[in-house]
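# Survey of secondary and tertiary structure
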Amino acid sequence: MPFVLCIIYAAMNIHPATYQYFIMRGGLLCLILLMLSVTMWIPDSKKEGKFHISNVIKGLMVGGGVITYFVAIILLVQNTYVTDYSELGWAESFSCMIDSMSESYVSRDYKNINFEELKEKLLPVVEEAEKNNDKTAFAKALLEYQYEFYDSHIWFEQNRDVLYRAEEELSGNDYGLSMYKISNGDTIAIMVKKDSQAEKAGIHNGTVIKKWNGVDVNEAMLDVRCLDYWYQFEVLENEALMKPIFLAGQGGETVIVTFIADDGSTKSVHLDSIGSYKTRESIVLSRFYSINRISGENFSCRMLNDDTGYLRITNEHYGDHMDDILTYCIGKHKKVYEELNAKLQELSDNGMKYLVIDLRNNSGGYVQVGNAVASLFADRKLTNKAAIERYGHIIPMNTFHTFDEGKWKELSVAVIVNDATVSAVDDLTHLLSQCPNVTVMGITCSSNSVQTTGGVCYLSDDMFEVHCPIIYSLDENNDILEVTAERQAKVGLDLRIPVDYDAAMMIFSDSENDFEIEFAIDYLHQYQN
């Protein structure tokens, strides 16, 4: 009977892709009812086969335990917000999505999102795209919409090919080079194409660029919007570092580049487009994020040298999915703590005096996994919370603590993050930053998209599904842990890693040397002795 009820409950939902939410919710409720009914009719030992009041007590006790155990999951699942506009036209579904997110997007008030202004700006674009049956134009409008939230937890599923074509058009033209602004304020050329017009004109890797299309390069950067599906730059200071990369694709079929030649003179050259900038942009970003250099499985450990250990965490999942869910309910993941502690002890036995924790490009996961990691290094109990917003009030829902006194609280630790350190690992970064023995560092700070997703909206013909967060993360003082409306970081850095000329030449090259890890090792040896 409970199984049948579960199927009926799920079938009441219109969109088949959302069955998972309703099956989980209905299934859990039916499981509780089943447990209650079974335990209430357990035969009494003295009155075999007959109902007895003691069975009611047993039922209440066992059933109460089941309810308590699953209540956290139910609360979380009940906060899914699924809307289906797949039967509507492009423009109508887009308009309904905006209306839906104005109610469901958890940070709507915190970030002062003006949904009506977004609708007024972008709905005509979608209407024109629908009129011309131009899916790429529709995808471009979605990317523009996504940008306005500066939130990595807003993303799209389905039609990746269409999204890529939209990114290609938005990235602009390839003129045979990209650019990056180094720590002394110079904007230099990087990834210059061999035998290109740019190289033949005297521009090579490291050449200082002064003007872009006749405009001072620093002024030209001001209007650049870094639109990318995979990489979003929530914090203003993070995006500022990316703007030269995106500026390098802006211009028409020809662009005028003014640069400092090797002889010290100032020269200008006309460079013709050689195609879409998207490929070069993607390679530049992958090298900036050290995609080609970072190695190691999730929670893998090794020695970097005679006295420095290395811990790589790629996401906050551990074991199978059910383990993650159950430990989320409990609020602790002792297995992570115990097994990671054993790995660190092995490193210590091999001479570890310092530790580098690499959280770069970490996609997040479950907060209790990160809390178990932080428990190893904390000198006091640290707290973070999950919260929902109801009627203008932020209501804490789940509270998580570090546990036990950190065995490794005296170990000197450098934690490396970047803008792709996102979601639950933002929480972990925040916890680790409160440990006196830990220094959080990076060229960019972490994403500062610290929420839980659960909102899903299906657009016309299931062309795209749009996801958004619906649950806040809070610190121990109930402050929201997320980039502010002014795009300032709430989860910041203890130390921003400077990128000088030599560092840029290493980062944007085929070198296998990892500049950020080398910087962290040098820092630990120089400043922690």
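This text follows the structure it describes.
Residues numbered from 1 in each chain as written. Predicted model: local features only at pLDDT ≥ 70, side-chain atom pairs only at ≥ 80, totals over all residues. Heavy atoms only, no water.

### Focus on the overall build of the protein
When its secondary structure is counted, the protein shows 17 helices and 18 strands. In the protein, buried positions account for 54% of the 529 residues. Within the protein, contacts between residues at least 6 apart in sequence are counted, and of these 73% link residues at least 24 apart. Accessible area for the protein stands at about 23200 Å²; split by element, carbon and sulfur atoms hold 53% of it. (Helix = DSSP H or I, 4+ residues; strand = E, 2+ residues; numbered from the N terminus. Buried < 20%, exposed > 50% of the residue type's maximum accessible area, 1.4 Å probe, protein only. Contact = heavy atoms within 4.5 Å. Areas by Shrake-Rupley, 256 points an atom, 1.4 Å probe, with all protein chains shown as cover.)

### Focus: the pattern of salt bridges
Taken as a whole, this structure holds 20 salt bridges when the rule is applied. A salt bridge links Glu-167 to Lys-278, with the nearest nitrogen and oxygen atoms 3.6 Å apart. Here Glu-167, found in helix 7 (residues 160–171), pairs with Lys-278, found in helix 11 (residues 278–288); they are 111 residues apart in sequence, far enough to count as distant. For the salt bridge of Asp-358 with Arg-312, the shortest nitrogen-to-oxygen distance reads 3.6 Å. Of the two residues, Asp-358 sits in strand 11 (residues 354–358) while Arg-312 sits in strand 10 (residues 308–312), which places them 46 residues apart along the sequence. A single burial state applies to Asp-358 and to Arg-312, both of which are buried. (Salt bridge = Lys/Arg side-chain N within 4 Å of Asp/Glu carboxyl O.)

### Comments concerning the packing of helix 10 (residues 236–247) against helix 11
Contact pair helix 10 / helix 11: the axes reach a minimum separation of 10 Å and the direction vectors enclose 155°. The angle between the axes of helix 10 and helix 11 places the two elements in the roughly antiparallel class. Helix-helix and strand crossings are classified by hand; for helix 10 and helix 11 the assignment is right-handed. Residue-level contacts link Met-242, Ile-245 and Phe-246 of helix 10 to Glu-281, Val-284, Leu-285 and Phe-288 of helix 11. (Axes fitted to C-alpha atoms, helices over the stretch in contact; angles between N-to-C directions. Parallel < 35°, antiparallel > 145°, perpendicular 65-115°, else oblique. Left-handed = near helix turned anticlockwise from the far one by under 90°.)

### Here we look at the packing of aromatic side chains
For the coordinates displayed, the defined rule picks out 20 aromatic pairs. Aromatic pair Tyr-180 and Phe-288: ring centres 6.0 Å apart, planes at 45°, arrangement tilted. Taken together, the residues span a long stretch of sequence, with Tyr-180 in strand 3 (residues 178–181) and Phe-288 in helix 11 at a distance of 108 residues. According to the relative accessible area criterion, Phe-288 is buried, its value standing at 4%. Aromatic ring contacts, followed pair by pair, group Trp-90, Phe-94, Tyr-105, Phe-115, Phe-138, Tyr-145, Phe-149 and Phe-464 into a single cluster. Over the aromatic face of Tyr-337 sits the side chain of Lys-334, whose NZ or CZ is 5.5 Å from the ring centroid. (Phe/Tyr/Trp six-rings, centres within 6.5 Å; stacked < 30°, edge-to-face > 60°. Lys NZ or Arg CZ within 6 Å of the ring centre and 35° of its normal.)

### Notes on the sheet that holds strand 15 (residues 438–442)
If you walk across this open sheet you meet the 6 strands as 9-10-11-14-15-18, and the pairing is mixed. Every interior strand has two partners, whereas the edge strands, strand 9 (300–303) and strand 18 (495–496), have only one. Here 4 bridges tie strand 9 to strand 10, and the two strands are oriented antiparallel to one another. Opposite Cys-301, over in strand 10, you have Leu-311 as the bridge partner. (Pairing = 2+ DSSP bridges.)

### Side note on the pairing of strand 15
In terms of burial, strand 15 is a largely internal element, 5 of the 5 residues being buried. Alternating positions in strand 15 separate into two faces, Val-438, Val-440 and Gly-442 on one and Thr-439 and Met-441 on the other, with burial throughout. Examined bridge by bridge, strand 14 (residues 412–416) and strand 15 share 4 bridges and lie parallel to one another. Across the sheet, Val-415 pairs through a bridge with Val-440, a residue of strand 15. Each parallel crossover has a hand, and for strand 14 linked through helix 15 (residues 424–433) to strand 15 it is right-handed. In this structure, strand 15 lies alongside strand 18, joined through 2 bridges in parallel fashion. Bridge assignment links Met-441 to a residue of strand 18, and that residue is Leu-495. (Right-handed = clockwise from strand over helix to strand, strands pointing away.)

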